[in-house]
Amino acid sequence: KAFEDLLAITREETSTTADAISGTAVAGKQTVTVIGFLVVIIGVLFAWLTAVSITRPLQEAVGLASAVARGDLTQHIEVKSGDEVGKLLQALKDMNDSLAGIVGDVRGTTEAITTASQEIAQGNADLSQRTEEQASSLEETASSMEELTSTVKQNAENAKQANQLAHGASEV
């Protein structure tokens, strides 16, 4: 009978242990499933954050390049990182600053050319006015010379007639 009691106790202990092991296995499966699910969610979250951290600066760089291509050099470019995207933004900033400097130089040169052109135009107008005045004065001088020539001819004629009259009077 003791053996049967021992066997019954062993069976009862085996059954309890089996139930405990089965419960632990189910709890382990549930824990592994939950941990796996959390790992997948965290992985997806990290992948999304990584994609956003790359695409946003690239979209900003594309927007800045498009603005420069349209001729808008007023964009403020702020470089926040030293990675490849940061280097790209720094290159865009340098290009934008360089183009703005070139445009400023061209504007300054254009203004200088405009001023010089206006001064030349004014000088040409002054020269034209003086030339017209000289031409008018020359016409007056030519007219006076014609009158003087006519007067001299008239005086020569009168002198010739006077000489003939004097010569005629001396023969009488």
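Everything below is about the structure printed above this text.
Residues numbered from 1 in each chain as written. Predicted model: local features only at pLDDT ≥ 70, side-chain atom pairs only at ≥ 80, totals over all residues. Heavy atoms only, no water.

(A) Representation of helix H2 (residues 84-171). Its 88 residues place the ends of H2 127 Å apart at the C-alpha level, agreeing with the 130 Å of an ideal helix rising 1.5 Å per residue. If you check which residues of H2 are buried, you get Val 85, Gly 86, Leu 89, Leu 92 and Asn 96. Those residues of H2 that are buried lie in contact with helix H1 (2-69). (Helix = DSSP H or I, 4+ residues; strand = E, 2+ residues; numbered from the N terminus. Expected span 1.5 Å × (residues − 1). Buried < 20%, exposed > 50% of the residue type's maximum accessible area, 1.4 Å probe, protein only. Contact = heavy atoms within 4.5 Å.)

(B) The arrangement of the pattern of salt bridges in detail. Applying the stated rule across the entire model yields 1 salt bridge. Between Asp 97 and Lys 93 there is a salt bridge, and its shortest N-O distance comes to 3.4 Å. Remark: Lys 93 and Asp 97 occur in helix H2; sequence separation between them is 4 residues, near one turn of the helix. (Salt bridge = Lys/Arg side-chain N within 4 Å of Asp/Glu carboxyl O.)

(C) Inspection of the environment of Arg 56 at higher detail. Mapped onto the fold, Arg 56 is located in helix H1. Sequence spacing of Arg 56 and Thr 14 is 42 residues, and the spatial spacing of their C-alpha atoms is 62 Å.

(D) The arrangement of a nonpolar patch on the surface in detail. Among the surface-exposed residues, Val 34, Leu 38, Ile 42, Leu 45, Phe 46, Trp 48 and Leu 49 lie close enough to one another that they form a single nonpolar patch of about 700 Å² accessible area. Relative to the helices and strands, Ile 42 resides in helix H1. You can call Ile 42 partly exposed: its relative accessible area is 44%. (Patch = residues over 30% accessible without salt bridge, like charges linked within 9 Å, V, L, I, M, F, W, Y side chains within 5 Å. Areas by Shrake-Rupley, 256 points an atom, 1.4 Å probe, with all protein chains shown as cover.)

(E) Structural context of the nonpolar core. Listed in full, the 6 residues of the largest apolar core are Ala 61, Leu 64, Ile 77, Val 85, Leu 89 and Leu 92. Elements supplying a minimum of two residues to this core: H1 and H2. When residues of this core are assigned to their parent elements, the largest contribution, 3 residues, is made by H2. (Core = buried A, V, L, I, M, F, W, Y, C linked by side-chain atoms within 4.5 Å.)

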